[in-house]
Amino acid sequence: MMLRLAFYPLFRAIGRPKLLPFSLVISLTYRCNSRCSTCRVWERSAKEFSFEEWREFFLNLAPHTRLYYLTFSGGEPFLRDDIAQIVTEAARILRPALITIPTNGLLSRRIPSEVREMLDNMPAGTKLGINLSLDGVGEEHDRIRNVPGNWEKAMETYWALRAIRHPALILSIHTVISRFNVGRIGEIARALIGLKPDSYITEVAEEREELHTIGLPITPSAQEYRQAIKEVMEAIKGAKFSGLPRLTQAFRHEYYFLTERILRERRQVIPCYAGWASGHIAPDGDVWTCCTRAQPVGNLREYGYDLRPIWFGERVEEIRRSIKAGECYCPMANASYVNMLLNPPILLRALLQFSLSPSS
């Protein structure tokens, strides 16, 4: 894996060797049963890929790359009746090290059942991360998510997932820091860490084409975010994590400071590898370099469910040139993880942080 990573900077710099991404986000649906103040993805619609179409895509991809990180997102991904089938088939065929699924937790009976089915069929060596999205505590969370009773349903989901106790399961809590909660983020973080998740992570609300949030005043200022992150880091200080979540926290430590610089300097602080090492597939098979720009460079249905002619085609090169020229910038977490992994100074600092951090 590490040897392969060394070639992505060359791919970005000179176009050779041509490589498929090692990190991929798949949006299974735009449908969502939340109406979050920080997201309008539910306004979008798509002719969603069927299970058979996703399976064909996985089979075509498997001989040509080894995915390390695979995310199944939405909308609310658990609104797909066949989510367990899709995830377990991806795990069986692609053998990623980590599969992550974010959820709002509203489907409190369905989600634990589907997760158990996934875990029962998960191949050895693949971890399953479930990220429960909580942006406040109690009624505050319900107000931000615009769904009465969201907190209560999410707590039912959390404790049902907590009871599973499977070695492949990583149960995380995820908070979006926005202008709606930035002033109380320290109190929120302390309360959520008190639930003792395997990992606690935050991400800043941002304007994304995918989410229909371009122009919405949802992102806190760099100054507000800087103070919020100080409080998050203080809240995390007393927590102890182990295994992969401990490594994740080390990278998050670097991610938070990177995000603050991006918000403050309004530029790519480190080179972005979206379109080279990371990518995104929309529910209808459109291929994007990332969900922030959400610009289709081809549709898998038109290319026999094969990513290669799209990823190595002419249409993606125009966007790559734009990204490389720094014409966009964002702190989107999935892409940022990849960017940090391919940035030697940050990688070394994260590994040092990991080696020094306490474990449970």
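See above for the structure.
So, here's what we can say about the structure.

Definitions and limits used
Residues numbered from 1 in each chain as written. Predicted model: local features only at pLDDT ≥ 70, side-chain atom pairs only at ≥ 80, totals over all residues. Heavy atoms only, no water. Helix = DSSP H or I, 4+ residues; strand = E, 2+ residues; numbered from the N terminus. Rg over C-alpha atoms; globule rule 2.2 N^0.38 Å. Buried < 20%, exposed > 50% of the residue type's maximum accessible area, 1.4 Å probe, protein only. Contact = heavy atoms within 4.5 Å. Areas by Shrake-Rupley, 256 points an atom, 1.4 Å probe, with all protein chains shown as cover. Salt bridge = Lys/Arg side-chain N within 4 Å of Asp/Glu carboxyl O. Arc of directions from axis to C-beta. Pairing = 2+ DSSP bridges. Axes fitted to C-alpha atoms, helices over the stretch in contact; angles between N-to-C directions. Right-handed = clockwise from strand over helix to strand, strands pointing away. Polar contact = N/O pair within 3.5 Å; in protein donor to acceptor, adjacent residues only side chain to side chain. Parallel < 35°, antiparallel > 145°, perpendicular 65-115°, else oblique. Left-handed = near helix turned anticlockwise from the far one by under 90°. Nonpolar A, V, L, I, M, F, W, Y, C, P; charged D, E, K, R; others polar.

### Thoughts on the overall build of the protein
Broken down by element type, the protein carries 14 helices and 8 strands. For a compact globule of 360 residues, the expected C-alpha radius of gyration is about 21 Å, and the protein comes in at 19 Å, within 12% of that figure. The principal-axis extent of the C-alpha atoms belonging to the protein is close to 50 × 45 × 40 Å. Counting every position in the protein, which comprises 360 residues, the buried fraction comes to 61%. Nonlocal contacts in the protein, meaning residues at least 24 apart in sequence, comprise 78% of its contacts between residues at least 6 apart. Total accessible area on the protein is roughly 15000 Å²; 52% of this is exposed by carbon and sulfur atoms.

### Focus on the pattern of salt bridges
Counted according to the given criterion, the structure contains 23 salt bridges. Among the salt bridges present, the one from Glu89 reaches Arg92, with a minimum N-O distance of 2.9 Å. On the criterion of helical spacing, the pair formed by Glu89 and Arg92 is a turn pair, its members being 3 residues apart in helix 4 (residues 83-94). Look at Arg92 and you get partly exposed, because its relative accessible area is 43%. Residue Glu260 is joined to Arg226 by a salt bridge in which the shortest nitrogen-to-oxygen separation is 2.8 Å. With Glu260 in helix 10 (residues 243-265) and Arg226 in helix 9 (residues 222-237), the pair connects residues that are 34 residues apart, well separated along the chain. Judged by relative accessible area, Glu260 falls into the buried class, the value being 8%. With a relative accessible area of 31%, Arg226 lands in the partly exposed category. Among the ionic contacts, a cluster of salt bridges with common partners joins Arg226, Glu260, Arg261, Arg264, Glu265 and Arg267.

### What about helix 5 (residues 110-120)?
Taken residue by residue, helix 5 has Ile111, Pro112, Glu114, Val115, Met118 and Leu119 as its buried positions. Take helix 5 and look down its axis: the buried residues cluster within an arc of 165°, on one side only. Next to the buried residues of helix 5 lie helix 4, strand 3 (98-103), strand 4 (127-133), helix 7 (150-162) and strand 5 (169-177).

### Comments concerning the sheet that holds strand 2 (residues 69-73)
One open sheet holds the 8 strands; their spatial order is 6-5-4-3-2-1-7-8, and the pairing between them is mixed. Edge positions in the open sheet fall to strand 6 (199-204) and strand 8 (287-288), since each of these has one partner strand only. By the bridge criterion, 5 bridges tie strand 1 (residues 23-27) to strand 2 in an arrangement that is parallel. Directly across from Ser23, in strand 2, lies its bridge partner Tyr69. Set on the sheet, helix 7 makes contact with strand 4 and strand 5; between it and strand 5 the angle comes to about 155°. Strands in contact with helix 10 are strand 3, strand 5 and strand 6; relative to strand 6, the strand with the most contacts, it is inclined by about 20°.

### Considerations on the pairing of strand 3
The element strand 3 is extensively covered by neighbouring structure, given that 5 of its 6 residues are classed as buried. Where strand 2 lies against strand 3, 3 bridges are found, and the strand directions are parallel. Bridge pairing in strand 3 links Tyr69 to Leu98. Taken together, strand 2, helix 4 and strand 3 form a β-α-β motif whose crossover is right-handed. For strand 3 and strand 4, the ladder comprises 6 bridges, and the chain directions are parallel.

### A look at the environment of His174
Along the chain, the position of His174 falls in strand 5. For the pair His174 and Gly105, spaced 69 residues apart in the sequence, the C-alpha separation amounts to 11 Å. Here His174 is in contact with Asn131, Leu132, Ser133, Leu134, Asp135, Ile201 and Glu203, once residues within four sequence places are set aside. For His174, the side chain forms a polar contact with the side chain of Glu203, separated by 3.3 Å.

### Description of the environment of Ser242
In this fold, Ser242 is placed in the loop between helix 9 and helix 10. On the accessibility criterion, Ser242 (37% relative accessible area) is partly exposed. Along the chain, Ser242 and Tyr329 lie 87 residues apart, while their C-alpha atoms are 32 Å from each other.

### Structural notes on the packing of helix 5 against helix 7
Interhelical geometry of helix 5 versus helix 7 gives an angle of 25° and a closest axis separation of 9 Å. Of the possible angle classes, the one that applies to helix 5 and helix 7 is roughly parallel. As helix 5 runs across helix 7, the sense of the crossing is right-handed. Across the interface between the two elements, Ile111, Pro112, Val115 and Arg116 from helix 5 touch Thr157, Ala160 and Leu161 from helix 7. Here the residues of the contact of helix 5 with helix 7 sort into 5 nonpolar, 1 polar and 1 charged.

### Focus: the packing of helix 4 against helix 5
A pair of packed helices can be characterised by two numbers: the angle between their axes and the separation between those axes. The interhelical angle for the contact between helix 4 and helix 5, taken along N-to-C directions, is 30°, at an axis separation of 9 Å. Taken together, the axes of helix 4 and helix 5 lie roughly parallel to each other. Crossing geometry of helix 4 relative to helix 5 is assigned as right-handed. Along the contact surface, helix 4 presents Ile83, Ala84, Val87 and Thr88, while helix 5 presents Arg110, Glu114, Glu117 and Met118. The residue inventory of the contact of helix 4 with helix 5, partitioned by class, reads 4 nonpolar, 1 polar and 3 charged.

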